[in-house]
Amino acid sequence: DSGVTQTPKHLITATGQRVTLRCSPRSGDLSVYWYQQSLDQGLQFLIQYYNGEERAKGNILERFSAQQFPDLHSELNLSSLELGDSALYFCASAPGAGTEAFFGQGTRLTVV
Amino acid sequence: GQSLEQPSEVTAVEGAIVQINCTYQTSGFYGLSWYQQHDGGAPTFLSYNALDGLEETGRFSSFLSRSDSYGYLLLQELQMKDSASYFCAVREDAGNKLTFGGGTRVLVKP
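Because the structure is a prediction, the values reported are computed rather than measured.

Peer 1: I'm lost on the state of the cysteines in this one. Help?
Peer 2: Put plainly, two cysteines are in a disulfide when a covalent bond ties their sulfur atoms together. All names here are of chain B. According to the stated counting rule, one finds two disulfides over all chains in the structure shown. Two residues share a disulfide in this structure: cysteine 22 and cysteine 88, whose sulfurs sit 2.1 Å from each other. Linking cysteine 22 and cysteine 88, the disulfide has an S-S dihedral of approximately 75° and is accordingly described as right-handed. Taken together, the positions of cysteine 22 in strand S3 (residues 18-25) and cysteine 88 in strand S9 (residues 84-91) put the pair 66 residues apart, joining distant regions of the chain. With respect to burial, cysteine 22 and cysteine 88 carry one shared label: buried.

Peer 1: Is there a simple way to explain the interface of chain B and chain A in this structure?
Peer 2: Interfaces are often described in size by the accessible area the parts lose on coming together. Listed by partner, the interface residues are 19 residues for chain B and 23 residues for chain A. Counting the surface lost from both chain B and chain A, the interface buries some 1600 Å², and carbon and sulfur atoms represent 53% of this. Scanning the region where chain B abuts chain A turns up zero salt bridges. The set of elements that each furnish at least two residues to the side of chain B that touches chain A consists of strand S4 (31-37), strand S5 (44-49), S9 and strand S10 (98-100) of chain B. Residue composition of the side of chain B that touches chain A, grouped by class: nine nonpolar, seven polar and three charged.

Peer 1: I'm lost on the sheet that holds strand S1 (residues 5-7) of chain A in this one. Help?
Peer 2: Two modes of strand pairing occur in sheets, parallel and antiparallel, and in both the strands are linked by backbone hydrogen bonds. Residues and elements named next belong to chain A. Judged by pairing direction, the sheet is antiparallel, and its four strands sit side by side in the order S1-S3-S8-S7 without closing on themselves. The outermost strands of the open sheet, each flanked by one partner alone, are S1 and strand S7 (64-68). Neighbour-to-neighbour, the strand axes of this sheet turn through a mean angle of 15°, independent of strand direction. Of the pairings in the sheet, the one linking strand S3 (residues 19-24) to strand S8 (residues 74-78) comprises five bridges and is antiparallel in character. From the neighbouring strand, cysteine 23 faces S8, where its bridge partner is serine 74.

Reading the values: the criteria
Residues numbered from 1 in each chain as written. Chains lettered and ligands numbered in written order. Predicted model: local features only at pLDDT ≥ 70, side-chain atom pairs only at ≥ 80, totals over all residues. Heavy atoms only, no water. Disulfide = S-S within 2.5 Å. Helix = DSSP H or I, 4+ residues; strand = E, 2+ residues; numbered from the N terminus. Buried < 20%, exposed > 50% of the residue type's maximum accessible area, 1.4 Å probe, protein only. Contact = heavy atoms within 4.5 Å. Buried area = accessible area lost by both parts, 1.4 Å probe. Salt bridge = Lys/Arg side-chain N within 4 Å of Asp/Glu carboxyl O. Nonpolar A, V, L, I, M, F, W, Y, C, P; charged D, E, K, R; others polar. Pairing = 2+ DSSP bridges. Axes fitted to C-alpha atoms, helices over the stretch in contact; angles between N-to-C directions.

Listed below in structure tokens is the structure:
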């Protein structure tokens, strides 16, 4: 158990809908990262938050947005969903200056 | 652009040694990490190299050559439980943002 909690574990929704994925980082970790992993693909970096502020942005679509709240949990919002958005979405957390990222178990999103 | 190249698949027998190479081209470089991911599971941290040389952690070792933009993960005394995907990832900044390679699927046979 990495100490990072993601909910829900599975999500099935229709095209055009909007969903929210939630992540609770390890206690004390200030950084939260979101990654997307499509079938048999590597992990694509989406976005990073540090202590409530956006720190880095990757290949995140405009239909996607995220935020980190004062209690450090983070949410990833995906809207106008398309079939191609079906993937595993991982959240990871890390201490401010650590070299190891701790991943949650992921949310498997299926868009039908 | 940014890219990390690693072989897509490697097959070996129990007890053998496997080396997974990773070459990278990124805008920033703080270090090279390796992660293991079993099917359906979360990536888990294996090792991190910031300086040139070999880091050994039990049966797994990781090597880095910054001048060659190259690293490798060495898996020794392979066990069935080592069947998984292995990802190299470049830490691009002090904030720990990681850019991942496409992963190498290692299949260990009896």
